[in-house]
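Observations on the three-dimensional arrangement
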Amino acid sequence: VQFNRRDGAGYALLASIVLRADELNPQLASRLLTAFSTWKMMEPTRRSHARRALQSIAQKPNLSRDVGDIVNRSLEENTGS
């Protein structure tokens, strides 16, 4: 219910969970990233917060291949927005 909060707290929370889960279970972490699949269609404020959360995941060193692939593809496909 609070994932799409206007202040971006839901996106930031999920990003932190994905980063923690990636260390233990990369497949679970990559699955959690699917919650961001519609970020390009969000209104500008939420889209900006979602992009920032995805970028924070992408910048973490030593991401698993699963998470790194999904987050990078998500950002690449949506760089024109």
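Residues numbered from 1 in each chain as written. Predicted model: local features only at pLDDT ≥ 70, side-chain atom pairs only at ≥ 80, totals over all residues. Heavy atoms only, no water.

A look at the side chain of Ser64
Relative to the elements of secondary structure, Ser64 occurs in the loop between helix H3 (44–58) and helix H4 (65–77). Filtering out sequence-adjacent residues up to four positions away, Ser64 remains in contact with Asp22 and Pro26. (Helix = DSSP H or I, 4+ residues; strand = E, 2+ residues; numbered from the N terminus. Contact = heavy atoms within 4.5 Å.)

Some points on the packing of aromatic side chains
Considering all chains together, one arrives at three aromatic pairs under this definition. Each ring, one from Phe3 and one from Phe36, has its centre 5.6 Å from the other, and the planes form 65 degrees; the classification is edge-to-face. Of this pair, Phe3 sits in the segment before helix H1 (9–24) while Phe36 sits in the loop between helix H2 (26–32) and H3, and the two are 33 residues apart along the sequence. By relative accessible area, which is 23% here, Phe3 ends up partly exposed. Both rings, one in Tyr11 and one in Phe36, keep their centres 6.0 Å apart while their planes meet at 45 degrees; by these two values the pair is tilted. Placement of the pair is Tyr11 in helix H1 and Phe36 in the loop between H2 and H3, with a sequence separation of 25 residues. The burial state of Tyr11 is the same as that of Phe36; both residues are buried. A connected cluster of aromatic rings, assembled from ring pairs, spans Phe3, Tyr11 and Phe36. (Phe/Tyr/Trp six-rings, centres within 6.5 Å; stacked < 30°, edge-to-face > 60°. Buried < 20%, exposed > 50% of the residue type's maximum accessible area, 1.4 Å probe, protein only.)

As for the nonpolar core
By size, the foremost hydrophobic cluster in this structure holds 19 residues, and its most contacted members are Leu33, Phe36 and Ile57. Sorting the residues of this core by element identifies H1, H3 and H4 as the ones contributing at least two each. Here the element with the most residues in this core is H1; it accounts for six residues. With sequence-adjacent residues up to four places away left out, Ile57 is seen in contact with Ala15, Val18, Leu19, Leu33, Leu63, Val67 and Val71. (Core = buried A, V, L, I, M, F, W, Y, C linked by side-chain atoms within 4.5 Å.)

Quick look at the pattern of salt bridges
Applying the stated criterion across every chain, the model contains five salt bridges. Arg5 serves as the salt-bridge partner of Asp7, at 2.5 Å between the closest nitrogen and oxygen. Taking relative accessible area as the criterion, Asp7 reaches 44% and is therefore assigned partly exposed. Accessibility expressed as a relative area gives 35% for Arg5, which makes it partly exposed. Note that Arg6 is salt-bridged to Glu43, the shortest N-O span being 3.2 Å. (Salt bridge = Lys/Arg side-chain N within 4 Å of Asp/Glu carboxyl O.)

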